[in-house]
Amino acid sequence: IVTSGNGDVLASHIMRPLLQKWKYKQSQTFTLFTNGLLLRKQLEKLPILNAIKEFSISIDAASQTVYEDVRRPGKWSVLLDNLKFLQEQNLNHLINFKFIVQSRNYQDLPNLVRLVEQFDCRALVSELQDWGTWAHFRTGNDDAWTQANGIYSDHDVLNPNHPKHKVACDVIRSIRNHPKITLQPMVKQAIR
């Protein structure tokens, strides 16, 4: 998703043609919301790269093992290559990582500190939201996906009833004072 400087959201299905053909005005700036895996491939020689002032990159992990589990089928090496590409551009842009806390990634938060320092960027840590990805309860006759991936409450470590809630909150507390990491209000509330 791309947003223009005036806040208009441009749908992802028009993003590639936009990036390739847009003749932007010097007064226009953009925020690019992305998973970061195609930055070099899509932007390397395009003039619009200079108009992108913020890259909001959903990573949800900060190490190869966790990333390749949580962001399947993404490859950690590809993400790092694309982050290095952005770093090499020496543009006046912001890089913000998005990290949504869940049972399969909370233990990777200390690695997020190293990642934001390595790429001199910021990170926003958010709570897991229910977008219907997981079922809400087990039926005893669950499909193969639910059997393999569980239900929503299995992943929501910020829920006080989750068996890993206390440990997850301790991990979050260990990074909460880092100057480049912002905890969303619901995450702050969970660790009180």
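Scroll up to find the structure.
So, a few notes on the structure that sits alongside this text.

Definitions and cut-offs
- Along each chain, residues carry numbers from 1 onward, in the same order as the chain's sequence is written.
- At least 70 in pLDDT is required for a residue's local features to be given in this predicted model, at least 80 for side-chain atom pairs to be given and counted, and no such filter applies to totals for whole chains, interfaces and linings, which use all residues.
- Working from all heavy atoms in the structure, the side-chain values ignore hydrogens and water.
- Strands here mean DSSP runs of E at least two residues long; helices mean DSSP runs of H or I at least four residues long; both are numbered from the N terminus.
- A simple rule labels every residue: compare its accessible area, found with a 1.4 Å probe on the protein chains alone, to the largest value its type can have, and call it buried under 20%, exposed over 50%, or partly exposed in between.
- Note on contacts: a residue pair is in contact if any heavy atoms of the two residues lie within 4.5 Å.
- When DSSP finds two or more bridges between two strands, those strands count as paired.
- Buried residues of nine kinds, namely Ala, Val, Leu, Ile, Met, Phe, Trp, Tyr and Cys, make up a nonpolar core once their side-chain atoms join them within 4.5 Å.
- Polar contact is the term for a pair of N or O atoms within 3.5 Å; when the atoms are in protein, one must be able to donate a hydrogen and the other to accept it, and sequence-neighboring residues count only if both atoms are side-chain atoms.
- Lines fitted to the C-alpha atoms define the axes, with helices restricted to the stretch that makes contact. Angles between their N-to-C directions range from 0 to 180 degrees.
- Angle categories: roughly parallel below 35 degrees, roughly antiparallel above 145, roughly perpendicular from 65 to 115, and oblique for all the rest.
- Put simply, a crossing is left-handed when the front helix is turned counterclockwise from the back one by less than a right angle, and right-handed when it is turned clockwise.
- Classification used: nonpolar for Ala, Val, Leu, Ile, Met, Phe, Trp, Tyr, Cys and Pro, charged for Asp, Glu, Lys and Arg, polar for all others including Gly.
- If the strands point away from the viewer and the path from the first strand over the helix to the second runs clockwise, then the crossover is right-handed.
- The arc in question is traced by the directions running from the helix axis to the C-beta atoms.

Glancing now at the overall build of the protein. Within the protein, the secondary structure is distributed over 9 helices and 7 strands. Looking at the protein as a whole, 46% of its 192 residues qualify as buried. Relative to all contacts within the protein whose residues are 6 or more apart in sequence, the contacts with residues 24 or more apart total 60%.

This next bit is on the pairing of strand E4 (residues 52-58). Bridging between strand E3 (residues 30-34) and E4 involves 5 bridges; their strand directions are parallel. Bridge assignment links phenylalanine 33 to a residue of E4, and that residue is serine 56. Where E4 and strand E5 (residues 94-100) come together, 5 bridges link them in parallel fashion. Note on E5: the bridge partner recorded for isoleucine 57 is phenylalanine 97.

One can find lysine 41 in helix H2 (residues 39-43). Remark: the alpha-carbon pair of lysine 41 and asparagine 82, spanning 41 residues in sequence, is separated by 8.6 Å.

Okay, the nonpolar core next. Membership of the largest hydrophobic core comes to 50 residues, with the highest contact counts inside it found for Ile57, Phe97, Leu112 and Val125. Take this core: its biggest share by element is 6 residues, from helix H4 (residues 76-88). Once residues lying within four places of it in the same chain are set aside, the contact partners of isoleucine 57 are Thr34, Asn35, Gly36, Leu39, Leu79, Leu83, Leu86, Ile95, Asn96, Phe97 and Lys98.

Residue placement: asparagine 82 occurs in helix H4. The exposure class assigned to asparagine 82 is buried, which follows from its relative accessible area of 2%. There is a polar contact of 2.6 Å between the side chain of asparagine 82 and the backbone nitrogen of arginine 40. The residues touching asparagine 82, leaving out its near neighbours within four places in the chain, are Gly36, Leu37, Leu38, Leu39, Arg40 and Lys41.

So, about the packing of helix H5 (residues 109-118) against helix H8 (residues 165-175). Two elements in contact, H5 and H8, have axes separated by 8 Å at closest approach and are oriented at 25°. In terms of their interaxial angle, H5 and H8 are classed as roughly parallel. Along this stretch, H5 crosses H8, giving a crossing that reads as right-handed. Counting all contacts with H5, which are made through Leu109, Pro110 and Val113, the residues of H8 involved are Val171, Ile172 and Ile175. In terms of residue class, the contact of H5 with H8 is built from 6 nonpolar, no polar and no charged.

This part is about the pairing of E5. Sheet topology note: the E5/strand E6 (residues 122-126) ladder contains 5 bridges and is parallel. Among the inter-strand pairings, phenylalanine 99 is bridged to a residue of E6, identified as valine 125. In terms of handedness, the path from E5 via H5 over to E6 forms a crossover that is right-handed.

On to H8, then. Among the residues of H8, those classed as buried are His165, Ala168, Cys169, Val171, Ile172 and Ile175. Down the axis of H8, the buried side of the element spans an arc of 160°, and every buried residue falls inside it. Pointing more than 90 degrees away from the buried face of H8 are the exposed residues Lys166 and Ser174. Considering only its buried residues, H8 is in contact with H5, E6, strand E7 (181-183) and helix H9 (185-190).

Buried residues of H5: Leu109, Leu112, Val113, Leu115 and Val116, and no others. Check the buried side of H5 and you find it contacts H4, E5, E6, H8 and E7. Positive backbone phi, approximately 45°, marks aspartate 120, located one or two places after H5.

Turning our eyes to something else, we now look at the environment of glycine 74. Looking at the secondary structure, you find glycine 74 in the loop between helix H3 (64-70) and H4. Sequence-wise, glycine 74 and leucine 37 are 37 residues apart; in three dimensions their C-alpha atoms are separated by 7.4 Å. Those residues in contact with glycine 74 that sit more than four places away from it in its chain are Leu37, Tyr67 and Glu68.

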